[in-house]
Amino acid sequence: MRVAAVGDLHVVPGSAHRLRPVYQRAALVADLLLLAGDLTNRGDPESAAELCAVVGNLDLPVVAVLGNHDHDTGVGDQVAAMLGAVGAIVLDGTATTVETPGGQVGVAGVKGFPQGHAASGPPGADEAYQLRDALARLDTDLRIALTHYAPVADTLTGEDPAIHRYLGSSLLGAAIDGALAGAAPADSPAGADHPGSQGSTSSWWAYAGTGAATARAEGGRRAGNAATLPRLGVWPEPHPAAGRRRATAAARPTREPATALAVHGHAHHGQEMGRTPGGTPVRNVARPVIVAPFAVYRLPGAARIG
């Protein structure tokens, strides 16, 4: 199966005449088009209409999630509805099964959230549970996770480390691996029993396989260091990655992942390729990163072929 993907189009009024022919060609080289958020520049209806003129009613299935910019003017639901009216499937903590010329594929998607703005826990972290559950509901041989925010730190290489915590969350990576325990708190994502409700956000990124040493050093100064994370319920025991939690990226497990591909955008200065701790290939398809209207990946394996 060939999957085309792009994020961070930031469509503005007046751009459809130039972009539409480019995306019509996606049907010639791919079986499915994924849109990884920030599809409009500021989420206004005029830009959404232009976006619909670009990706609406293409000759291949289109599955999308919205990004933070698609909610800038407070009408994200309208943007999603407009996309749906022209044939795109917009996911928001949900999943869909798509029949393509290359076979059946299941896609689960959420916008995602940044690692932390507050010491009490990442706001919106319940989206990680929604993603986990949406993936689990898919009954397909091929499954794809689609987010706007990054699920691992790997693909943030090139971004200023000081802003990594605002670009994604490894809770999303844990959800992709099926490694979140329990259910999201009913009252608030920042509840006392919620993963991430204590301590440093960078210690969470240690579970993405990068920065583990930094997280341990920082953990010595904070209550919620890496050693306390299993107590918070992120990794059920025993987990396939037990004993590897402080491993570097080079020591990651190589088992065949249940999810064939994870796609995200948002990290404009990051790098394209990464991997979750459980082995799922991650691709940052922000347009400035892939330097193309879209990238094309072959599944399984997630090799880029276009």
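Notes on the structure in this doc start here. (Residues numbered from 1 in each chain as written. Predicted model: local features only at pLDDT ≥ 70, side-chain atom pairs only at ≥ 80, totals over all residues. Heavy atoms only, no water.)

## Points about the nonpolar core
Part 1 of the argument: Membership of the largest hydrophobic core comes to 53 residues, with the highest contact counts inside it found for Tyr23, Leu32, Leu34 and Ile144.
Part 2 of the argument: Apart from the residues within four sequence positions on either side, Tyr23 is in contact with Val6, Leu9, Leu33, Val54, Leu58, Arg287, Pro293 and Phe294.
Part 3 of the argument: Judged by nonpolar contacts, the second largest core, of 22 residues, contains Ala134, Ala175, Ala262 and Val282. (Core = buried A, V, L, I, M, F, W, Y, C linked by side-chain atoms within 4.5 Å. Buried < 20%, exposed > 50% of the residue type's maximum accessible area, 1.4 Å probe, protein only. Contact = heavy atoms within 4.5 Å.)

## Focus on the sheet that holds strand S7 (residues 143-147)
Part 1 of the argument: If you walk across this open sheet you meet the 6 strands as S5-S6-S7-S8-S10-S9, and the pairing is mixed. The outermost strands of the open sheet, each flanked by one partner alone, are strand S5 (94-100) and strand S9 (273-275). Between one strand and the next, the sheet's axes are offset by a mean angle of 25°, whatever the strand orientation.
Part 2 of the argument: Pairing between S5 and strand S6 (residues 103-110): 7 bridges, direction antiparallel. In the strand pairing of S6, Thr100 is matched with Gly103.
Part 3 of the argument: Running at roughly 165° to S6, helix H5 (residues 126-137) makes contact with S5, S6 and S7 of the sheet. (Pairing = 2+ DSSP bridges. Helix = DSSP H or I, 4+ residues; strand = E, 2+ residues; numbered from the N terminus. Axes fitted to C-alpha atoms, helices over the stretch in contact; angles between N-to-C directions.)

## Regarding the pairing of strand S3 (residues 62-65)
Part 1 of the argument: A two-sided burial pattern is seen for S3, the buried positions comprising Val62 and Ala64 on one face and Val63 and Val65 on the other.
Part 2 of the argument: Note: strand S2 (residues 32-36) against S3, 4 bridges, orientation parallel. Note on S3: the bridge partner recorded for Leu33 is Val62.
Part 3 of the argument: Taken together, S3, helix H4 (residues 76-85) and strand S4 (residues 89-90) form a β-α-β motif whose crossover is right-handed. (Right-handed = clockwise from strand over helix to strand, strands pointing away.)

## Focus: the packing of aromatic side chains
Part 1 of the argument: In the structure shown here, the tally under the stated rule is 1 aromatic pair.
Part 2 of the argument: With a centroid separation of 5.9 Å and an interplanar angle of 55°, the aromatic rings of Tyr23 and Phe294 are classed as tilted. On the criterion of sequence distance, the pair formed by Tyr23 in helix H1 (residues 16-24) and Phe294 in the loop between helix H9 (287-290) and strand S11 (295-298) is long-range, its members being 271 residues apart. Summarising the burial analysis for this pair, Tyr23 and Phe294 share the class buried. (Phe/Tyr/Trp six-rings, centres within 6.5 Å; stacked < 30°, edge-to-face > 60°.)

## Focus: the pairing of strand S10 (residues 281-284)
Part 1 of the argument: Alternating positions in S10 separate into two faces, Pro281 and Arg283 on one and Val282 and Asn284 on the other, with burial throughout.
Part 2 of the argument: Where strand S8 (residues 261-264) meets S10, 3 bridges bridge the pair, whose relative direction is parallel. Across the sheet, residue Ala262 finds its bridge partner in S10, namely Val282.
Part 3 of the argument: Summarising the sheet, S9 and S10 pair through 3 bridges and their orientation is antiparallel. Bridge pairing in S10 links Arg275 to Pro281.

So yeah, pure geometry; function would need other evidence.
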